[in-house]
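Read off the chains here:
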Amino acid sequence: DDLPQDALLIARNMGPAELLDYDQSRLRAVVLEEGSATAHVTIVAKALRIPMLGRVERILERAEPGDPVIVDADTGFVFIRPGEDVEETFATSMAARNSMQAEFAALRSEPAITRDGVEISLNVNANLIFDMAHLGDAGADGVGLFRTEIPFLVQGDVPPVEQQAKLYSEVLARAHGRPVTFRTLDIGGDKAMPAFAQAASAEGNDIGAEENPAMGWRSLRIGLDRPALLRNQLRALLQATAGGDLKVMFPMVSEVAEFKAARKILDIEVARMTERGSQVPGRIDVGAMIEVPILAWQIDPLLKVADFVSIGSNDLLQFLFASDRGSPRIADRYDPLSPAGLNFLGQLVEQCDATQTPISLCGEMAGRPLDAMALVGLGFRTLSMAPSSIGPVKTMIRSLSAGDLKRYLDSLQDVAEHSLREKLREFAIDHGVMI
Ligand code: PEP
Ligand code: MG
C-alpha cells in the first residue's frame, strides 16, 4: 500500500490478483525470480503496461532496497546500480523506441494488409475496462478476447447480474461499435478467486488442493457444474447487448457435448427474456475456444454447433506439449513455432475454412511479429493480441507477401527440427519482412 513513487517490485513470484493489489500509478516495473511469458500475472502486467520480467535468478539477493535499477523488459536485462554509461545507452535506446512507437501510431488508421493483398483482422485482448482505451489508440478492429474473469479477480468476487451487466455495457460503450468477443469466466487454474475458492471448499471442492490446477476444476467446467454462475453471466451479457450483437465464447471446452450444454443455458436465457418481452440481441454468435487438445479431434461436429472458434494457444500448447505455461524451468522446452505445433494449427485452419467457420487465435504468440507471420502463412486471417503488439504486427503484415510465405512453409513440411524459428527468421530477413 505504501509504495514509493516510481517503485520497482521484486518478488519470487505472484499471481494476477496480487499484482492488482499494488498502486499501479506508482509501479514502474516488476521483476520476478520465477514467472513466464504466458503466466496470467504477465498477461495482466502487459495489460496494465507495467514492464515485467520473469525468470531473473537470485534478484532478491542481488538488489538492495533503494538501489537504482534499470529494467529492460524488451530484451530481458536488469541493471542493478547502473553506471552512467549504461544509463546513457539506455536513454538513447528509449528515444529510438519512442520514435518507433510514433511510427506505429502513424499506422493506426492504415489497414493490416499484406503486400499481396491479404487482409488480416487485428484485434486486441482486453482484460479490464482500462484496456478499452487502447482499442482506438492501437487502430484495432475490435476486441477478440475480453477476459471477463480479470475484473472480478480484482474485485475478489463475481458480482450479481446487474453489476456484471453494467461492466459489460461499459466495455461495449468504450468499443464504439467495434465488435467485442466476451469470454465467459475462466477462473481456477492460476486465476484462483479467494472468495470463490472458499465457497467451493465449504462444499467440499477444494480448488487450491488440486495437484494440477490448470487441468483441474476451472473455467467452463465450473460453469457447467455451477450453472447459476454461468447463467447469471450469460444473462448479464444478454442484457448488456440487448438490441445489438452479442459475441460470446466458452473457454476450456473439452467436448462438443460441453459446448452444447453451455449453449443450451444461453438459449434458455434468450427464450426466457423473449417470453418476458425483454429485448434480446439482434444477433448472437457463440464460439468455442480450442485450448484442450482433444477438441481438435471433434472439429466436424463442433463446427455444426459453434458459430466461430478461437484458439487459445497459451493453454493449447501447454497441453499439447505437456509443458506447464507458468513454469520458468521448462519455458524454453518447446517452441510455438515447432513443426508439429504449426502443423496442428494449420490443420485447424483448413478444417474451419472448409466450412467457412471464422477462426482466430488469441494466445500470446499472435502478438509476436515472427510468430504472427507464421500464423498468417498457415492461413490465419484474424488474430487477437495485447494492444501494444498491434503496431509491430501490423508493420510485419504490411511488409509480407503471404503467398511467398505459404509456399515457403509448404516446402518445410518434412522438416523435423525442434523449431522453425530460425528458418522463418531467415525468410523474413531475406524477404524484407519487418519483424
Ligand atoms: C490462451 O489460453 O491462449 C488464452 C487466450 O486464454 P488465457 O491466456 O486467458 O488462458
Ligand atoms: Mg486459456
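Structure's up top.
Report follows, based on the coordinates. (Residues numbered from 1 in each chain as written. Chains lettered and ligands numbered in written order. Predicted model: local features only at pLDDT ≥ 70, side-chain atom pairs only at ≥ 80, totals over all residues. Heavy atoms only, no water.)

## What to know about the layout of surface pockets
Unfilled space is identified by rolling a water-sized probe across the atoms.
And then number 1: Each pocket or cavity is described by its volume, and for the second largest pocket that value is around 650 Å³.
And then number 2: G189, D190, P213, D324 and G326 are, among the 29 residues lining the second largest pocket, the residues nearest its centre.
And then number 3: Secondary structure elements with two or more residues in the lining of the second largest pocket: helix 1 (16-20), helix 2 (40-47) and helix 13 (313-320).
And then number 4: For the lining of the second largest pocket, the per-class residue count stands at twelve nonpolar, nine polar and eight charged. (1 Å grid on protein atoms, 1.4 Å probe; cavity = no way out; pocket = protein on both sides within 12 Å on 5 of 7 lines; lining within 4 Å. Points joined across faces, edges and corners; volume = space filled by probe spheres on them. Helix = DSSP H or I, 4+ residues; strand = E, 2+ residues; numbered from the N terminus. Nonpolar A, V, L, I, M, F, W, Y, C, P; charged D, E, K, R; others polar.)

## Examining the site of ligand 1
And then number 1: The environment of ligand 1 is formed by 16 residues, the closest being R147, R183, E291, N314 and R325.
And then number 2: At a separation of 2.8 Å, an oxygen atom of ligand 1 approaches a polar side-chain atom of E291.
And then number 3: Within the side chain of R325, an N or O atom sits 2.8 Å from an oxygen atom of ligand 1.
And then number 4: For ligand 1, the protein covers 100% of the area, taking 290 Å² as the surface of the free molecule.
And then number 5: Here ligand 1 occupies the largest cavity.
And then number 6: If you list the elements that add at least two residues to the shell around ligand 1, you get helix 2, strand 7 (142-147) and helix 13.
And then number 7: Counting residues per element, the shell around ligand 1 draws most heavily on helix 13, which supplies three residues.
And then number 8: Broken down by class, the residue content of the shell around ligand 1 amounts to four nonpolar, five polar and seven charged. (Near = heavy atom within 4 Å. Polar contact = N/O pair within 3.5 Å; in protein donor to acceptor, adjacent residues only side chain to side chain. Areas by Shrake-Rupley, 256 points an atom, 1.4 Å probe, with all protein chains shown as cover. Sits in = over half its atoms within 2 Å of the grid points.)

## Considering empty space enclosed by the protein
And then number 1: Under the defined criterion, the tally for this structure stands at four cavities of 30 Å³ or more.
And then number 2: Considering only enclosed or pocket space, the largest cavity measures out at about 80 Å³ in volume.
And then number 3: Lining the largest cavity are 15 residues; nearest its centre among them are R147, R183, M289, E291 and N314.
And then number 4: Contributions of two or more residues to the lining of the largest cavity are made by strand 7 and helix 13.
And then number 5: Considering each element in turn, the lining of the largest cavity owes the most residues, three residues, to helix 13.
And then number 6: When grouped by side-chain class, the residues that make up the lining of the largest cavity number three nonpolar, five polar and seven charged.

## Quick look at the coordination of the magnesium ion (ligand 2)
And then number 1: Taken together, the protein donors to the magnesium ion (ligand 2) comprise E291 (OE) and D315 (OD), at separations of 2.0 to 2.1 Å. Of this pair, E291 sits in the loop between strand 10 (283-290) and helix 12 (299-305) while D315 sits in helix 13; the two residues are 24 residues apart in sequence, bridging distant segments of the chain. Across this residue pair, the class does not change: E291 and D315 are buried. (Donors = N, O, S within 2.8 Å, 3.2 Å for Na, K, Ca; no water. Buried < 20%, exposed > 50% of the residue type's maximum accessible area, 1.4 Å probe, protein only.)

## Considerations on the environment of D72
And then number 1: Of note, D72 is situated in strand 4 (residues 69-72).
And then number 2: Relative accessible area serves as the criterion here: at 15%, D72 is assigned to the buried category.
And then number 3: Beyond its immediate sequence surroundings of up to four residues, D72 is in contact with L53, F77 and F90.
And then number 4: A polar side-chain atom of D72 sits 2.7 Å from a polar atom in the side chain of T75. (Contact = heavy atoms within 4.5 Å.)

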